[in-house]
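# Results of the structural survey
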Amino acid sequence: MPQEVKEIFGSALAAKVRTLGPSMTRSMQRVAEAVAKDPAGCAALTVTGLAELTGTSEATVVRTARLLGYPGYRDLRLALAGLAAQQQSGRSPAITTDIAVDDPLADVVAKLAYDEQQTLADTAAGLDTVQLGAAVSATASARRIDVYGVGASGLVAQDLTQKLLRIGLIAQAHSDPHLAVTNAVQLRSGDVAIAITHSGATGDVIEPLRVAFEHGATTVAITGRPGGAVAQYADHVLTTSTARESELRPAAMSSRTSQLLVVDCLFVGVAQQTYETAAPALAASYEALAHRHRR
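Cut-off values and rules
- Residues numbered from 1 in each chain as written.
- Predicted model: local features only at pLDDT ≥ 70, side-chain atom pairs only at ≥ 80, totals over all residues.
- Heavy atoms only, no water.
- Helix = DSSP H or I, 4+ residues; strand = E, 2+ residues; numbered from the N terminus.
- Buried < 20%, exposed > 50% of the residue type's maximum accessible area, 1.4 Å probe, protein only.
- Contact = heavy atoms within 4.5 Å.
- Areas by Shrake-Rupley, 256 points an atom, 1.4 Å probe, with all protein chains shown as cover.
- Pairing = 2+ DSSP bridges.
- Core = buried A, V, L, I, M, F, W, Y, C linked by side-chain atoms within 4.5 Å.
- Phe/Tyr/Trp six-rings, centres within 6.5 Å; stacked < 30°, edge-to-face > 60°.
- Lys NZ or Arg CZ within 6 Å of the ring centre and 35° of its normal.
- Salt bridge = Lys/Arg side-chain N within 4 Å of Asp/Glu carboxyl O.
- Axes fitted to C-alpha atoms, helices over the stretch in contact; angles between N-to-C directions.
- Arc of directions from axis to C-beta.

## A look at the overall build of the chain
- Counting its secondary structure elements, the chain contains 13 helices and 5 strands.
- Residues classed as buried in the chain amount to 47% of the 295 residues present.
- If you take every contact in the chain between residues at least 6 apart in sequence, the share linking residues at least 24 apart comes to 71%.
- Carbon and sulfur atoms make up 56% of the accessible area of the chain, which amounts to about 14000 Å² in all.

Structural data, given as structure tokens:
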């Protein structure tokens, strides 16, 4: 969605608009952009009025409301009225976080910190805890865990496997697509395969997940595009915030932030479920490395 849309950061509605926007039809995007840009104005409109404003149909407005999680347009109007009231209460408006070539470093730090904060808030608001809980339970009891990711997502895959290893689970991160597929062939029921892809369309990640899925492993997708190709081979989908890309801030930076939050939530959930074995394993790993920190 266009960067000029002034989303009300921190609200569940803004997170859904930001996350689901790329998977909407263009007409539905126009409705979503309108309600995100002017909640007060749209809250005053009937379904017919909003359809006329956005050049769409009443059916499109209703479908958009339902995709955003509301039973109908009436419920969306009530939510918009609430957001408008928050805006009018004196809360500071959203700032523009685009970084210019001549920005002083102090402004760069402030803009990046603000954008990271909003990315985390949007991801937390949009994360389905039922799907997360199912992924946690499968991972906690898994015989073996394979994690697939390339590029920036590959770094997140390594981060997750390092954490899982430290609590005594058998986990491997694969960024080489050939090695990922040959390992996925060995998975079966009782194993877990996790694919991390912001776009939801990374073939080198989708292929091993498909193989793992077909061999009976429980599969998890961590993606910014829940309607992407990766989802068709995922038993559980964990959605990250959609990154806003600019010239000096590639999408990989924002997607990495949201992915790290999701894998941290996954890890902590697993550590909770396996606490009796996880706590001693963590203590042992700390002790094994302690001498290196004393140098």
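## A closer look at the environment of Ala-283
- Its location among the elements puts Ala-283 in helix 13 (residues 275-293).
- Sequence separation between Ala-283 and Ile-167 is 116 residues; the distance between their C-alpha atoms is 9.0 Å.

## Some details on the pairing of strand 3 (residues 192-196)
- By the criterion of burial, strand 3 is predominantly enclosed, with 5 of the 5 residues buried.
- Residues of strand 3 alternate between two faces, with Val-192, Ile-194 and Ile-196 on one and Ala-193 and Ala-195 on the opposite face, all of them buried.
- For strand 1 (residues 145-148) and strand 3, the ladder comprises 4 bridges, and the chain directions are parallel. Looking across to strand 3, one finds that Ile-145 is bridged to Val-192.
- In the sheet, strand 3 pairs with strand 4 (residues 218-223) via 5 bridges, with the strands oriented parallel. The residue bridging Ala-193 from the neighbouring strand is Thr-219, located in strand 4.

## Focus: the nonpolar core
- With 29 residues, the main nonpolar core has Ile-145, Leu-164 and Ile-194 as its most contacted residues.
- When residues of this core are traced back to their parent elements, those giving at least two are helix 8 (129-140), strand 1, helix 9 (152-166), strand 3, strand 4 and helix 12 (251-273).
- For this core, the leading source of residues is helix 12, giving 6 residues.
- Excluding residues within four positions of it along the chain, Leu-164 makes contact with Thr-139, Ile-145, Leu-169, Ala-171, Phe-267 and Val-270.
- In terms of nonpolar packing, the next biggest core, distinct from the first, is built from 21 residues, Leu-20, Met-24, Ala-51 and Leu-68 among them.

## A short note on the packing of aromatic side chains
- Throughout the structure, instances matching the rule amount to 1 aromatic pair.
- When the ring centre of Tyr-286 is taken as origin, the NZ or CZ atom of Arg-166, which lies over that ring, is 4.7 Å away.

## Regarding the pattern of salt bridges
- What the rule picks out here adds up to 7 salt bridges.
- We note a salt bridge from Arg-144 to Asp-146, for which the minimum N-O separation is 3.4 Å. Asp-146 matches Arg-144 in its accessibility class, with the two residues each being buried.
- We note a salt bridge from Asp-264 to Lys-163, for which the minimum N-O separation is 3.2 Å. One end of the pair, Asp-264, is in helix 12; the other, Lys-163, is in helix 9, and 101 residues separate them in sequence.
- Within the structure, one salt-bridge network assembled from shared partners comprises Asp-159, Lys-163 and Asp-264.

## Here we look at the sheet that holds strand 4
- The sheet built from 5 strands is open, its strands ordered 2-1-3-4-5 with parallel pairing. Both outer strands of the open sheet, strand 2 (171-174) and strand 5 (236-239), are each paired with one neighbouring strand and no more. Ignoring which end each strand starts from, the neighbouring axes of this sheet average 15° apart.
- Where helix 8 meets the sheet, its contacts fall on strand 1, strand 3, strand 4 and strand 5, and the angle it forms with strand 5 comes to roughly 120°.

## What about helix 5 (residues 58-67)?
- Residues Thr-60, Val-61, Thr-64 and Ala-65 constitute the buried set of helix 5. Viewed along the axis of helix 5, the buried residues span an arc of 140°, placing them on a single side of the element.
- Immediately downstream of helix 5, the backbone of Gly-69 shows phi near 105°, a positive value.

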